[in-house]
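# Observations on the model geometry
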Amino acid sequence: MRRADRLFDIVQILRGARLRTAQEIADRLEVSVRTVYRDIDALVATGVPIEGERGLGYVLRGTLLLPPLAFSQAELEGLALGARFVEAWADPELAAAAREALVKIDAVLPEAHRGEIWRDSVQVNSPALIAAANAQLSLFRKAIRQRRKMRLNYRSASEAETERTIRPLAIEAWGHAWTATAWCELRDDFRMFRLDRVIGADILDEIFRPEKGRTLADYMRRLRSERGDRRPAP
């Protein structure tokens, strides 16, 4: 690997504000740790905002404009496939965002690869999920972002209807349905709701704060303890 390519790869690895050790970078690039130390010193000397020190790790701080993106054919197919899954499964806002992301990626690709991301060699067909009442998805996403409670009219698998006030924590795609994990004030416990069983939903004005025992992290810890980290299927 040319040193210029290796320096570019190091910057890519460090993006995302996550601490990376020199050993981790060396393993990814199949070089020695000493080579990584030299390369990082060279990047810092040219003004790349890398923070950290040997033995602890490194992180990229601030915004760094990079040259045109270099993706492999498999990476481009993966991006296109992921965007098509979002278009097939998500609400209109997310679907439009996925398409716009592909437009932006395509615009900064080297000229020889522009247009490849739009090839139809990999497709997603999921009409059942498109028809499965995903109108609720954008509402749940908004409530999760704003940490606002929701009021639901919900129909269970046994056709029983209840009204609940919940604290929405996360949404999950299962391939055949979307679910929302929430703290349910009616049951005073965590519950998972299928979005296609939501009869009606409203976002309330009340904002909820993370409370011990009622957060998504608490729910995941319970799952790891009870089921070995296997989430219950909806």
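On a predicted model such as this, the values are computed, not experimentally measured, just so you know.

In terms of regular secondary structure, the protein is built from 8 helices and 7 strands. Sorting the 234 residues of the protein into buried and exposed places 35% on the buried side. In the protein, the share of contacts with a sequence separation of at least 24, taken over all contacts with a separation of at least 6, comes to 56%. When the accessible surface of the protein is summed, it comes to about 13,800 Å², and 50% of that surface belongs to carbon and sulfur atoms.

Its place among the elements puts Arg-141 in helix H7 (residues 137-146). Given the relative accessible area of 12%, Arg-141 is considered buried. Among all residues touching Arg-141, those that are not within four sequence positions of it are Asp-91, Glu-93, Leu-94 and Ile-171.

To continue, consider the sheet that holds strand S4 (residues 161-173). Ordered in space as S6-S5-S4-S3-S7, the 5 strands form an open sheet in which the pairing is antiparallel. Each edge of the open sheet carries a strand with a single partner, namely strand S6 (189-194) and strand S7 (198-207). Looking at each pair of strands side by side, their axes are set apart by 40° on average, direction ignored. In terms of strand pairing, S4 meets strand S5 (residues 178-184) through 7 bridges, oriented antiparallel. Residue Glu-172 lies in a different strand from S5, and its bridge partner there is Thr-179. The strands touched by H7 are strand S3 (148-155), S4, S5 and S7; relative to S4, the strand with the most contacts, the crossing angle is about 80°.

Criteria and cut-off values
- Residues numbered from 1 in each chain as written.
- Predicted model: local features only at pLDDT ≥ 70, side-chain atom pairs only at ≥ 80, totals over all residues.
- Heavy atoms only, no water.
- Helix = DSSP H or I, 4+ residues; strand = E, 2+ residues; numbered from the N terminus.
- Buried < 20%, exposed > 50% of the residue type's maximum accessible area, 1.4 Å probe, protein only.
- Contact = heavy atoms within 4.5 Å.
- Areas by Shrake-Rupley, 256 points an atom, 1.4 Å probe, with all protein chains shown as cover.
- Pairing = 2+ DSSP bridges.
- Axes fitted to C-alpha atoms, helices over the stretch in contact; angles between N-to-C directions.

These figures come from the coordinates and say nothing about function on their own.
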